[in-house]
Amino acid sequence: MRRLLVVAVLAVMLAACAPAAGAPLPVLPPATETPPPPSATPAPTHTSTPTPTSTATPSPTPEPTPTATPFGCAAPPEDYTRVEAYGGTISRRTEAMLEHAQTLYGGQHDLLLAITQGSYSPGVSASFGTHDGGGAVDIAVRDLTNWHHVLYEDLDAMIDALRRAGFAAWVRYEDDLYPGSPIHIHAIAVGDAELSEAARLQLDGPAGYFYGYDGLPVEPAQPDRHGGPVLCPWMIAAGYDMITPIPPTTTD
């Protein structure tokens, strides 16, 4: 009897604890794990990188562009040994310049064989004293195989070659110096140490080659018929850099 009573009491207790029929079962919240607090990360230390001082790199100063060297420019040898040949006496320096001019000219006329008056020949009045010292030559421009033929077609080429070789050179046409004077080339070697004073004036005097004139000592000075001087670097180094013509003298 006591065992039955105990069973009945247990049944009543279980019934009280059981949920009512149809009632939803309670939902427990899921177990969550509280994350540990984040480790304190030390704030980065800001190290300021010093800005390098701006050092301005100077731009290179452009060098002036040198004037182009005229073709054929070559300083002559300073050899004043006298050469007794051709149509007169000349120095080895003048001979070397004429040989160089012959190469530049490249024509059939032989400039050395065509010399009609050399240097070191004082007392020729028609030459104004330009042949009294060194560096002066007169060159015939007639064909050496046919004296009646004047080489007009070669005059410009010969003058250009002589100037590039270092001469102040001009054609002296018929009657330029005196009535009946023959056509020829007159040439003065630039920088020759043995020039006469009259020859030097034909380079840098008031009617001189480097001022754009024809070298003749007349008033007013006459313009160069051949277009002005050829100015080589060795001439500039020697001081021959006057290339601005002097205005001709005017008379009322």
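Everything in this summary refers to the structure shown in the same document. Just so we're clear, the structure is a prediction, and the values are computed from it rather than from any experiment.

**A word on the overall build of the protein**
From N to C terminus, the protein includes five helices and eight strands. Counted from the first residue to the last, the protein has its helices and strands arranged as α-β-β-α-β-β-β-β-α-β-β-α-α. Burial analysis of the protein (252 residues in total) assigns 35% to the buried set. Total accessible area computed for the protein in this model is approximately 16000 Å², and 61% of it derives from carbon and sulfur atoms.

**Digging into helix α4 (residues 197–204)**
Buried residues of α4: Ala-199, Gln-202 and Leu-203, and no others. Buried positions in α4, seen along its axis, are confined to an arc of 100 degrees and lie on one side of it. Taken together, the buried residues of α4 touch β7 (167–172) and β8 (184–189).

**Some words on unusual backbone geometry**
A cis amide bond links Glu-219 with the next residue in sequence, Pro-220, at an omega value of -5 degrees. Secondary-structure assignment places Pro-220 in the loop between α4 and α5 (233–237). Its identity is not glycine, yet Asp-175 carries a phi of approximately 70 degrees, on the positive side. According to the relative accessible area criterion, Asp-175 is partly exposed, its value standing at 48%.

**Some points on the state of the cysteines**
Here the structure, examined in full by the defined rule, presents one disulfide. Between the sulfur of Cys-73 and that of Cys-232 lies a disulfide, 1.9 Å long from S to S. Because the sign of the S-S torsion sets the handedness, a value of about -75 degrees for the bond joining Cys-73 and Cys-232 places this disulfide among the left-handed ones. Here Cys-73 is found in the loop between α1 (2–17) and β1 (82–85), whereas its partner Cys-232 is found in the loop between α4 and α5, with 159 residues between them in sequence. A relative accessible area of 0% means that Cys-232 is categorised as buried.

**Brief notes about the pairing of β7**
For β7, the tally of buried residues reaches six of six residues, placing the bulk of the element in the interior. In this structure, β7 lies alongside β8, joined through six bridges in antiparallel fashion. Opposite Val-171, over in β8, you have Ile-185 as the bridge partner.

**Notes on the packing of helix α2 (residues 92–105) against helix α3 (residues 155–164)**
At a minimum axis distance of 8 Å, the contact between α2 and α3 shows a crossing angle of 135 degrees. The angle between the axes of α2 and α3 places the two elements in the oblique class. For the crossing formed where α2 meets α3, the hand is right-handed. Counting all contacts with α2, which are made through Leu-98, Ala-101, Leu-104 and Tyr-105, the residues of α3 involved are Ala-157, Met-158, Ala-161, Leu-162 and Arg-164.

**As for the sheet that holds strand β3 (residues 115–117)**
An order of β3-β4-β8-β7 is seen for the four strands of this open sheet, with the pairing classed as antiparallel. Each edge of the open sheet carries a strand with a single partner, namely β3 and β7. Adjacent strand axes in the sheet meet at a mean angle of 30 degrees when their direction is disregarded. Where α3 meets the sheet, its contacts fall on β4 (136–140), β7 and β8, and the angle it forms with β7 comes to roughly 160 degrees. Strand contacts of α4: β7 and β8, with the helix running at about 95 degrees to β8, the strand carrying the most contacts.

Thresholds applied
Residues numbered from 1 in each chain as written. Predicted model: local features only at pLDDT ≥ 70, side-chain atom pairs only at ≥ 80, totals over all residues. Heavy atoms only, no water. Helix = DSSP H or I, 4+ residues; strand = E, 2+ residues; numbered from the N terminus. Buried < 20%, exposed > 50% of the residue type's maximum accessible area, 1.4 Å probe, protein only. Areas by Shrake-Rupley, 256 points an atom, 1.4 Å probe, with all protein chains shown as cover. Arc of directions from axis to C-beta. Contact = heavy atoms within 4.5 Å. Disulfide = S-S within 2.5 Å. Pairing = 2+ DSSP bridges. Axes fitted to C-alpha atoms, helices over the stretch in contact; angles between N-to-C directions. Parallel < 35°, antiparallel > 145°, perpendicular 65-115°, else oblique. Left-handed = near helix turned anticlockwise from the far one by under 90°.

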